[in-house]
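Structural overview for review
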Amino acid sequence: MSEAAAVTATATTTDAVVTATGLAKRYPSGENVLEVLSATDLEIEAGERVAVLGASGIGKSTLLHLLGGLDHPDEGAIAFRGRVLAEMSEQELAAYRNQEVGFVFQFFQLLPEFTALENVMMPLLVGREARGVRERARKLLAQVGIEQRGHHFPSQLSGGERQRVAIARALVREPSLVLADEPTGNLDVDTGKRVMEVFARIQEERGAAIVMATHNAALLDGFDRVLYMQPGGRLEERPVGAAQPVGT
Ligand SMILES: Nc1ncnc2c1ncn2[C@@H]1O[C@H](COP(=O)(O)OP(=O)(O)O)[C@@H](O)[C@H]1O
Ligand SMILES: [Mg+2]
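Please read these numbers as outputs of a predicted model, since none were measured by experiment.

Turning next to the overall build of the protein. Counting its secondary structure elements, the protein contains seven helices and ten strands. Taking the principal axes of its C-alpha atoms as reference, the protein extends roughly 50 × 50 × 40 Å. The buried share of the protein, reckoned over its 248 residues, is 39%.

A separate point is the sheet that holds strand E1 (residues 16-29). Across the sheet, which stays open at both edges, the four strands sit in the order E2-E1-E4-E5 with antiparallel pairing between neighbours. Strand pairing shows two members of the sheet lacking a second neighbour, strand E2 (32-45) and strand E5 (83-84), which therefore form its edges. Its contacts with the sheet put helix H2 (residues 60-67) on E1, E2 and strand E4 (75-80), and the angle it makes with E1 is roughly 125°.

Attention now goes to the pairing of strand E7 (residues 177-181). With five of five residues buried, E7 is to be regarded as a mostly interior element. Side chains Leu177, Leu179 and Asp181 project from E7 onto one buried face, and the interleaved Val178 and Ala180 project onto a second face that is buried too. As defined by bridge partners, strand E6 (residues 101-104) adjoins E7 across four bridges and the pair is classed as parallel. Across the sheet, the residue bridging to Val101 is Leu177, located in E7. Across five bridges, E7 lies against strand E8 (residues 209-214) in parallel orientation. From the neighbouring strand, Ala180 faces E8, where its bridge partner is Met212.

This next bit is on the sheet that holds strand E10 (residues 235-238). In any sheet, the strands associate via hydrogen bonds between backbone groups, in a parallel or an antiparallel arrangement. Here we have six strands laid out as an open sheet, ordered E6-E7-E8-E3-E9-E10, and mixed in their pairing. Each having just a single partner strand, E6 and E10 make up the two edges of the open sheet. Direction aside, the axes of adjacent strands within the sheet are offset by 20° on average. Bridge count between strand E3 (residues 49-53) and strand E9 (residues 225-229): four bridges; the pairing is parallel. Across the sheet, Ala51 pairs through a bridge with Val226, a residue of E9. Against the sheet, H2 engages E3, E7, E8 and E9, with an angle of about 155° to E8.

What follows concerns the pairing of E2. Alignment of E1 against E2, held across ten bridges, turns out to be antiparallel. Its bridge partner being in E2, Ala20 is matched across the sheet by Leu42. As consecutive antiparallel partners, E1 and E2 are separated by two residues, and within that stretch Gly30 has a phi angle of approximately 60°, a positive value.

Close to ligand 1 lie Tyr27, Leu34, Val36, Gly54, Ser56, Gly57, Ile58, Gly59, Lys60, Ser61 and Thr62, which account for all nearby residues. Breaking the shell around ligand 1 down by element, the ones donating at least two residues are E2 and H2. At three residues, H2 tops the list of elements feeding residues into the shell around ligand 1. The class makeup of the residues in the shell around ligand 1 is four nonpolar, six polar and one charged.

Helix H5 (residues 133-143) packs onto helix H4 (residues 116-126) with a crossing angle of 125° between their chain directions and a minimal axis gap of 9 Å. Judged by the inter-axis angle, H4 sits oblique to H5. The two elements H4 and H5 cross, and the hand of that crossing is right-handed. Facing H4, whose interface residues are Ala116, Leu117, Val120, Met121, Leu124 and Leu125, H5 presents Val133, Arg134, Arg136, Ala137, Arg138, Leu140 and Leu141.

Below, the discussion takes up unusual backbone geometry. Positive phi, close to 45°, is recorded for Arg81, a residue that is not glycine. You can see Arg81 is positioned in the loop between E4 and E5. According to the C-beta neighbour criterion, Arg81 is partly exposed, with 17 such atoms within 10 Å. For Glu174, which is not a glycine, the phi torsion comes out positive at approximately 50°. Mapped onto the elements, Glu174 comes out in the loop between helix H6 (159-171) and E7.

What follows concerns the confidence of the model for the protein. When the pLDDT values of the protein are averaged, the result is 90; 92% of them are 70 or greater. Put simply, helix H1 (residues 3-10) is where the protein has its lowest mean pLDDT, 44, and H2 is where it has its highest, 98. In this model, residues 1-12 is a region of pLDDT below 50 whose contacts with residues beyond four sequence positions or in other chains number seven contacts.

Conventions we followed
- Each chain carries its own residue numbering, running from 1 in the written order of its sequence.
- Chain A is the first chain written and ligand 1 is the first ligand written, with later ones labelled in order.
- Only residues with pLDDT of 70 or above have their local features reported here, since the model is predicted, and side-chain atom pairs are shown and tallied only from 80 upward, although totals for entire chains, interfaces and linings are computed over all residues.
- Secondary structure elements are defined from DSSP: runs of H or I of at least 4 residues count as helices, runs of E of at least 2 residues count as strands, and each element is numbered from the N terminus.
- Burial is judged by counting the other C-beta atoms within 10 Å of a residue's own C-beta: 20 or more makes it buried, 12 or fewer makes it exposed, and any count in between marks it as partly exposed, with every C-beta position built from the backbone.
- Pairs of strands are assigned from DSSP output, requiring at least two bridges between the strands.
- Whether two residues are in contact is decided by their C-beta atoms, placed from the backbone, lying within 7 Å.
- Interaxial angles span 0 to 180 degrees and are taken between N-to-C directions of axes, which are lines fitted to C-alpha atoms, for helices over the stretch in contact.
- Should the C-beta atom of a residue, placed from the backbone, lie within 6 Å of a molecule or strand, that residue is near it.
- Only Asp, Glu, Lys and Arg are considered charged, only Ala, Val, Leu, Ile, Met, Phe, Trp, Tyr, Cys and Pro nonpolar, and every remaining residue, Gly among them, polar.
- Oblique is the label for any angle not under 35 degrees, not over 145, and not in the 65 to 115 range, which are roughly parallel, roughly antiparallel and roughly perpendicular in turn.
- Put simply, a crossing is left-handed when the front helix is turned counterclockwise from the back one by less than a right angle, and right-handed when it is turned clockwise.
- Confidence per residue, as judged by the predictor, is encoded in pLDDT with a range of 0 to 100.

In C-alpha cells, the structure reads:
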C-alpha cells in the first residue's frame, strides 16, 4: 500500500473535518481528580456550524482546547480529516494549530505590547506571509466593526473590542475549522449578530466548519446543530429552534 493509501485507509468514511472519539480529560483538584470529560464523542462535517451549549464550568473550553490541539486528552482520540492529532509530528501539529484552526479564546489572549492591527496580523507574520498582510488584517477589523481601533493597544480597548480583535485574528489565515469560545460573551446583541454574520460568510465562502461554545442560546440562527453538554461531557443534540438558555 502506498503511503497516501495508508493515510486514506485510516480516514473516516464521511467527509468529517474533525472527529473526537471517547474523549476523557481529568484535572487534579486538591487531593482529588476532577473528571471534566469522560466520554465525549463529536463529529463535525465540512462547512457545518455547530453550537455547544452548557452551563459555566461544564467543560466547553476544555473540549475546544482539545479539538484545537492546544491540550491532550487523557483518553480517546481527535482526528483532523482522518489524521489522529496524537500521531502527528510536532511540526504537523503546529501546522494544524496555525493554519487549519482559527481559535477564538474565551479570554482573548491578545499580545499586550502590540496594537490591535498587529495582533490580527500576527498569525500571518508567524506563517511568514508577507504580501497584503496589513490589508487583510484591516479588512477583518472592518468586518467586525472596529477598523477605527487598529492602532490601539489591547489595554486601550473595551472588552467587546478586544473580543472582536481576537475574532479577527482567528479568521485572518482563513482556517478550515473555527473554534470559537464564547465569542459573543462581551458583545451587545447587534455586535454579536454582526460577528455571527462574519462567521456565516466564511462558512459560505470558504466552507469552513465552525464550532462555537456558548452558554447563551441566543444568536443560533443558521446553526446546523445545537449540542448540549451534559456532566461528563456527553453531547446531546436538540433541535436548533428549541435552544433554551442554560444557567451560568
Ligand atoms: N487547567 C485546569 N486545572 C484544573 N481544573 C481546570 C483546568 N481547566 C479547567 N478546569 C476545571 O474544569 C471544569 C471545566 O472547565 P471549562 O472547560 O473551562 O468549562 P466551561 O468552558 O464550560 O465553562 C471547571 O470546573 C474548571 O474549573
Ligand atoms: Mg469556557
